[in-house]
Amino acid sequence: MTSLQVTVLSGRTLRQGVGKEAGKTSDRYRTAVSVCEMHPEDIAALLIKPGDYVRLTTAYGTVVLKSASSNQFPRRGVVYIPYGPYANQLFGPDTDSSGMPTFKGTIATVEPAGPEQFKKIEELFDAEAKI
Amino acid sequence: MTPQNIIIKNGTVFDPVNRIDGEVMDIAVSNGKIVERVNESSAIVIDASGKVVLAGGVDIHSHIAGPKVNMGRILRPEDHYRNLKPKTAVKRSGVGTSCPSTFTTGYDYSEMGYTTVFEPANPPLKMLHVIDELNDTPMLDKACYPLFGNNWHVMEYLKDNRHDELAAYVAWMLKSVKGYAVKLVNPGGVENWKWGGETTPLDEPVKHFDVTPRQIIQGMCNAVKRLNLPHQMHIHANMLGTPGNYETALETLDSVRQIAGANDGKPVIHLTHVQFNIYGGTNWMNLSSGAEHLAKYINNHNHASIDIGQIVFSDTTTMTADGPFEFKLQGMTGARWINGDIEAETGCGIVPIHYKKSNYVHAIMWITGLEASLMIDDPWKVCMTTDHPNGGYFTTYPRVMAWLMSKKARQKLTNKVNKRARSKTALESLDREYTFSEVLISTRAGTARLLGLKNKGHLGVGADADIAIHDLDFRKIDPSTTPRKFRKAMQKAVYTIKDGEIVVKDGEVVKSVPGRIYWADAKVSDDLARTVETDLRQKFQDYYTVQMSNYIIAEKHIVNSTPVRVNAEV
Amino acid sequence: MQTYQDVVCTVCGCLCDDIEVDVDGNKVMKARNACAMGTSKFLSYTHDRIETPMVRKNGSTQPANLDEAVTKVAEMLVNAKYPAIYGLALSSCEAVKVAIELTEEVGGVMDNQSVVCHGPGVLGLHEIGVSTCSLGEIKHRADLIICWGCNPDEAHPRHFERYSYTAKGRWRNGKADRKLVVVDVRQTSTARKADKFVQIDQGKDYELVNALRTALRNEQIQQEKVAGVPVEDIEELAELLRNAEFGVILFGLGVTQTVGKGRNIDGLFSLTRDLNKYTKFQIMPARGHFNVNGVNEVSAWQTGFPYGIDFSHGYPWYNPGETTVTDIVRRGENDAMLVIASDPIAHFPKDLANRIRKSPLAAIDPVHSVTTLVADVVIPSAFAGIECEGIAYRMDGVALPLKKVVEPSQGVLSDEDILKKILGKVRELKGRSG
Amino acid sequence: MADITLTAKANPPFQPLDLREISPDNFAGKTPEQIASLPIWIGNHPSTLGAVFDVKGETSATPQDLTITIEGGLPNSRRIGAKMTAGKIIINGQTGIYAGAEMKNGQIIVNGDAGEWAGLAMKGGSIEITGNAGNFLGAAYRGARSGMKGGIIVVKGNAGSEAAAWMSGGLIKISGDAGLMPGIHMTGGSILIGGNCPGRVGASMTGGKIAVVGKTDDLLAGFQIEEIKDKAKIENDKIPGPFYAFSGDNAEAGTGKLFIHKEKNPHLAGYEAFL
């Protein structure tokens, strides 16, 4: 299967900001934070169309997101996910003893995925399962 | 709670205001005030025999709260690590040393017998922050001095010769941000620094504003006088921390001499932490003390008072609204540096410093402060401060008091300081030793008088029952010959009584009280007030990034808000 | 219909205080002057609210009364040997004060969202200090604005208009008199507005800062490119900085969350300090949560330390990396957590979120969040700045009074009042009076 | 000579264990019972050493003759051997944060991994870590501009990020790899990195020496090449090269020295044009 190695950044977006204020259980919030912005050529290289689902996998976890084409990346190989529970499936707990986890700059592989693999927020966290 | 009645029996009372100088007598307290007598059967009786009974300490100038102090706290975790203070049944936890946390500040002052501390430099735009920190500084009565020396409205009113409006604006400001007195810091120089410029001598116009520092000083001094504010203009002079700056200091004082006029000898200017402002010499290599020049001036004039800003050899933190000075200081020392400029108003700088005995400049600074204290004859004009934390922590006051009272204590340290500095000092030839009453004048009676606090700084009937009792028996302890014992006795009060309540016992806080916050409410004519408000509405839109209504601090944000109302002559 | 003037918006660190809010029948109808995020908050604050306190019983959370929930939280904190109290960046300073007192009382660790946003700026400040100013200084004087790893166009939509690039100041008439430079990995919408966009390799901020500082000293750089930027461009940028009359760097999470963390800011603060030898330069974090600065400020004045404060020995102790909640959770050292106005389960890396759930977890929040979804105790609270008053600190440290424009639902208290109840219960459980 | 052995009990607490009392200075002249009753903190809970350890052996009157052996790893420990001035501590197992912090003299051997801030603001003595060391090895307290001043730290495994921050004297030898930014802000002293380093070596250094025998990323722009040397001299050791010798960090007007192994770092060959 086609896959790429990319660097994952997470960050704030206006849609995430607006969605957050509209409510964390809102569809608006979920769609705002479950997107993976990519360079158009990276999307093409995966043989998918913008809006198709992709799976990202890092040393720390994996998550399925909706791809989106972005013209914000002058170079290929960097993808962007808004802050939130989806992005955080991919990041490690280490802080370099600074308190701050590395929310920007984790290496991931990205590959096409089917829409059925996409999870809703509540499916990422099993509310009933008290560990 | 029901107020306590207290009788302090057989204490040795020192009360310079009421000319009591070591008389054994009783002091009675009721309803938070000192009274003639109370019914002994229903009163708490404190046996003060062999101890001194004093008015609580009144600090005229100590940086204890506000945005700059808090930046200092955030800058210096390593400083806090030296003095971590656990919570007790009464006290909240905190940290001490040069930038103590608010609760600790209150406790440490109170345990040292101080009951009133005024925070001397606050950006009006951030006064809500200052007030909220003071709300969290227990045990003490407090007040703030908002900064005016680089304020755009001030400079514009002055340029347009609108002196009435200026006075009314000052009144509006104090009332709006709950300030008590007017503070000027490096007038004009900080505005210049906002373009990267330098501190200026008195007659160089401020960039873009076409007024000079001298005009600002004179204009503000006049405004303060016409408003009848309880404290005179409080000024940190231009050229601070510069060799040869004593000339600017004297010029500053002299520039307002005429304003005093027939003002019943009441001072119109308070030159603060003079130690930093009265250097001789032309560069750092030949720096010298200019204390004798200042002393001569102060001894010959009655319109000015000063506080010292004594340095104490230690690792401390300098912090001031004088941004350009701190920039220079970091350039010289390479230490960490914080700068914080405030729109349309003022600036701020912070640099940690370690005053070392072996350092020529630091030794000269130490000598300069003590020389000034000893060469000025009238203790009512001299307030003992360390400009906490600029010269040293307020907890070192007893050490400074000991230097003032003991030639032996001074000599012991003089023997250890930089030899070249020692060779240039007159300090060793000064035999004066403060009497205990003189120390009390410069730490409470005089400071209270200069601050216009009629009910503080003394133990007369009607005074606030803010009282310190120290374990100091002059039959056993001679401060001149046994300064260490004196210092120890002054470090921790046996009792501190705040507003008639015992808050410290045996040097430990036993009860936490909030204290009050004073601010000046000067009544100006309605017409003038309206004119100024109209002006300000426009100026707020143009100059500030906050709305005028959000700039004004509602009294509900203040714990024990205590306005001091005065009638202005405008 | 009532209109409230000069209302402070409680979304981002800009704390715009010129919002006009129309209220009709205890409902916000309109919020004029607000940006998209602000409008969304003022108009949607009723959405997604937590209706009632919830307590986990037999595996699932069930509605409970407030006293029961408060008691549960108090018990959880009192029984813990190393509890953490986290959040408050979306609350008032009054609530922060009670939270500090509560943490001190239970000997826990108090941390706030700066640990995952601008905490590294504090670490840089410890090392170097910082030259900064209030926002109005930028508005009046700045002729050069550098956005380094921040995207005000999306994260602080009114920053440019009110305080910086397009604002009309005393000596700068909007953007005609200013240059905007954006340093970023992505060509963000802010970058598209810039006069100059410096695109750097991800994770190489420190390298670029170091090169700029070297160029500023006129030292030779013996490399062709640094951080993906040609050295000639770096030297040109250094000249641009040096020749500004008044420059300001606004930095964001693009630098604080990238490898190097606090050291990136150490570098940026050093650069700003160095630039002041040549001209006037300032730097300021573009803070996200509306009162994250307030939590730091109140914490600093009450304890000496701005975040990550450990009261376990009775006195405040601080060392990010040791006492920060992320690291404590990573090492598995905490045994209870109370979250106030925050959503760490959504905003911490997955592994930390899972570890938080291993010990008792309580959440106080006006609205449902991922954290309230998995918490053992949930207490609904009122929105600071809409349903209750309080003080908040703008990104430049200006304190502003938050307004109450509508009444909260029956029985819903402010964070401050809920925390006071918990503190009271804790003291009761510890057999002491307040 | 005397030996005291502390054996960690089964199922130790997982909350932070403040063990700053464990040092020969505090143990000297005390019986095992007295040692067992020395105060510790388990999180916010005051306790005693005896609650966590079985204490056996005998002590000497003075710390210099005393060896304390700790059996069992306590990754959540804090400050073992802090401020010690004499004697020896052997830790057989993992140790937590601040091992040997502010140590003045004596010896600590960790047969295992050490957590962050080992040898924090150390003034003298020696620490040997046979496993890996965490971040901030031999570094400074937050805000303090003085890290390790003297003594020696030897790490057989890898070290974390920001080793030797604000170091002004002494020696750190890391046999394995170092994390980012070794020697940041250092003003003196020496660091030898036997393995690789991901980068930012000597950031903002103004003095001192760092040698990297393995690979590293591009150097910071503030370093300029001075020469190619056959050997790098680190304290008394001559490390065989050849090394590119750099000086910097010029961003900080520094005069520190970097020695980067020439053959392991061919990507630095471009610097030769500046010789």
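Quick notes on the rules
Residues numbered from 1 in each chain as written. Chains lettered and ligands numbered in written order. Predicted model: local features only at pLDDT ≥ 70, side-chain atom pairs only at ≥ 80, totals over all residues. Heavy atoms only, no water. Helix = DSSP H or I, 4+ residues; strand = E, 2+ residues; numbered from the N terminus. Rg over C-alpha atoms; globule rule 2.2 N^0.38 Å. Buried < 20%, exposed > 50% of the residue type's maximum accessible area, 1.4 Å probe, protein only. Areas by Shrake-Rupley, 256 points an atom, 1.4 Å probe, with all protein chains shown as cover. Lys, Arg positive; Asp, Glu negative; His and termini not counted. Charge placed at Lys NZ, Arg CZ, Asp CG, Glu CD. Axes fitted to C-alpha atoms, helices over the stretch in contact; angles between N-to-C directions. Parallel < 35°, antiparallel > 145°, perpendicular 65-115°, else oblique. Contact = heavy atoms within 4.5 Å. Domains from an automatic or database assignment. Buried area = accessible area lost by both parts, 1.4 Å probe. Salt bridge = Lys/Arg side-chain N within 4 Å of Asp/Glu carboxyl O. Polar contact = N/O pair within 3.5 Å; in protein donor to acceptor, adjacent residues only side chain to side chain. Nonpolar A, V, L, I, M, F, W, Y, C, P; charged D, E, K, R; others polar. Pairing = 2+ DSSP bridges. Phe/Tyr/Trp six-rings, centres within 6.5 Å; stacked < 30°, edge-to-face > 60°. Lys NZ or Arg CZ within 6 Å of the ring centre and 35° of its normal.

Scanning chain D from N- to C-terminus turns up 3 helices and 18 strands. Against the globule reference of 19 Å for 275 residues, chain D gives a C-alpha radius of gyration of 20 Å, in line with a compact fold. Over its C-alpha atoms, taken along the principal directions, chain D stretches across nearly 70 × 35 × 30 Å. Among the 275 residues that make up chain D, the fraction classed as buried is 63%. Accessible area for chain D stands at about 9,200 Å²; split by element, carbon and sulfur atoms hold 48% of it. Side chains of chain D carry 25 positive and 26 negative charges; the gap between the two charge centres is 3 Å.

Here the focus is the packing of helix α1 (residues 14–22) of chain A against helix α1 (residues 36–44) of chain C. Look at α1 of chain A against α1 of chain C: their axes get within 8 Å of each other, and the N-to-C directions meet at 10°. On the basis of the axis angle, α1 of chain A is roughly parallel to α1 of chain C. Here α1 of chain A contributes Leu14, Gly17, Val18, Glu21 and Ala22 of chain A to the contact with α1 of chain C, which in turn contributes Ala36, Met37, Ser40, Lys41 and Ser44 of chain C.

Bringing the domain arrangement of chain B into the picture now. Residue and element names in this part refer to chain B. When cut into domains, chain B gives domain 1 (6–56 + 462–509) and domain 2 (142–444). For domain 1 versus domain 2, the separation of C-alpha centres amounts to 32 Å. Listed by partner, the interface residues are 20 residues for domain 1 and 17 residues for domain 2. Across the domain 1 to domain 2 interface the summed buried area is about 1,500 Å²; carbon plus sulfur atoms make up 68%. Across the domain 1-domain 2 interface, the total number found is 0 salt bridges. Between the two partners, domain 1 and domain 2, sit 6 residue pairs in polar contact (both at pLDDT 80 or more). When residues in the side of domain 1 that touches domain 2 are grouped by element, the largest group, 6 residues, is from helix α18 (residues 483–491). The class makeup of the residues in the side of domain 1 that touches domain 2 is 13 nonpolar, 4 polar and 3 charged.

Moving on to the environment of Tyr434 of chain B. Residues and elements named next belong to chain B. As for its position among the elements, Tyr434 is in the loop between α16 (419–423) and α17 (436–450). Here the alpha-carbon distance between Tyr434 and Leu453, two residues 19 residues apart in the chain, equals 24 Å. Excluding residues that lie within four positions of it along the chain, Tyr434 makes contacts with Ser373, Leu374, Val382, Leu404, Met405, Val439 and Ser442. A distance of 2.7 Å separates the side chain of Tyr434 from the backbone oxygen of Ser373, its partner in a polar contact.

Taken together, the 65 residues of chain C in the interface contact 59 residues of chain B. Carbon and sulfur atoms supply 54% of the area that chain C and chain B bury against each other, a total of about 5,300 Å² over both sides. On the chain C side of the interface with chain B, the three residues burying the most area are Arg170, Lys280 and Trp301 of chain C, jointly 13% of the side's total. Along the contact surface separating chain C from chain B lie 10 salt bridges. One salt bridge connects Arg92 of chain B with Glu101 of chain C, and the closest N-O pair in it is separated by 3.8 Å. Applying the counting rule to chain C against chain B returns 40 residue pairs in polar contact (both at pLDDT 80 or more). Class assignment for the residues of the side of chain C that touches chain B results in 26 nonpolar, 15 polar and 24 charged. Bridge analysis of strand β18 (residues 338–341) of chain B against strand β8 (residues 131–133) of chain C gives 3 bridges, and the strand direction is parallel. Each residue of the ladder has a partner; that of Asp341 of chain B, found in β8 of chain C, is Cys133 of chain C.

As a further point, take the packing of aromatic side chains. Throughout the structure, instances matching the rule amount to 47 aromatic pairs over all chains. A connected cluster of aromatic rings, assembled from ring pairs, spans Phe148, Tyr157, Tyr169, Trp172, Phe540, Tyr544 and Tyr551 of chain B. In this structure, Arg444 of chain B is placed above the aromatic ring of Tyr114 of chain B, and the distance from its NZ or CZ to the ring centre is 5.6 Å. In this arrangement the basic side chain of Arg170 of chain C is found over the ring face of Trp152 of chain B, its NZ or CZ atom lying 4.6 Å from the centre.

Right, let's talk about the pattern of salt bridges for a bit. The final tally for this structure, using the stated rule, is 98 salt bridges over all chains. Arg170 of chain C is the salt-bridge partner of Glu156 of chain B, the closest N and O atoms lying 2.6 Å from each other. Residue Glu156 of chain B is located in helix α5 (residues 152–159), and its partner Arg170 of chain C is located in the loop between α7 (159–162) and β10 (179–184); the two belong to separate chains. Overall, Glu156 of chain B belongs to the buried group, its relative accessible area being 13%. For Lys196 of chain C, the salt bridge is made with Glu236 of chain C, and the minimal N-O distance between the two is 3.4 Å.

Bringing the interface of chain C and chain D into the picture now. Interfaces are often sized by the accessible area lost when the parts come together. Every contact between the two is made by 46 residues of chain C and, on the other side, 47 residues of chain D. Around 3,800 Å² of area is buried between chain C and chain D when both sides are counted, 45% of it from carbon and sulfur atoms. For chain C, the biggest contributors to the area lost against chain D are Lys81, Gln222 and Arg263 of chain C; these three give 19% of the whole. Across the contact surface, chain C and chain D share 8 salt bridges. Put simply, Glu252 of chain D and Arg213 of chain C hold a salt bridge, and the shortest N to O gap is 2.6 Å. Summed over the shared surface of chain C and chain D, the result is 32 residue pairs in polar contact (both at pLDDT 80 or more). Looking at the side of chain C that touches chain D, the elements that each hand over two or more residues are α4 (119–128), α9 (205–216) and α12 (262–275) of chain C. Here the residues of the side of chain C that touches chain D sort into 14 nonpolar, 16 polar and 16 charged.

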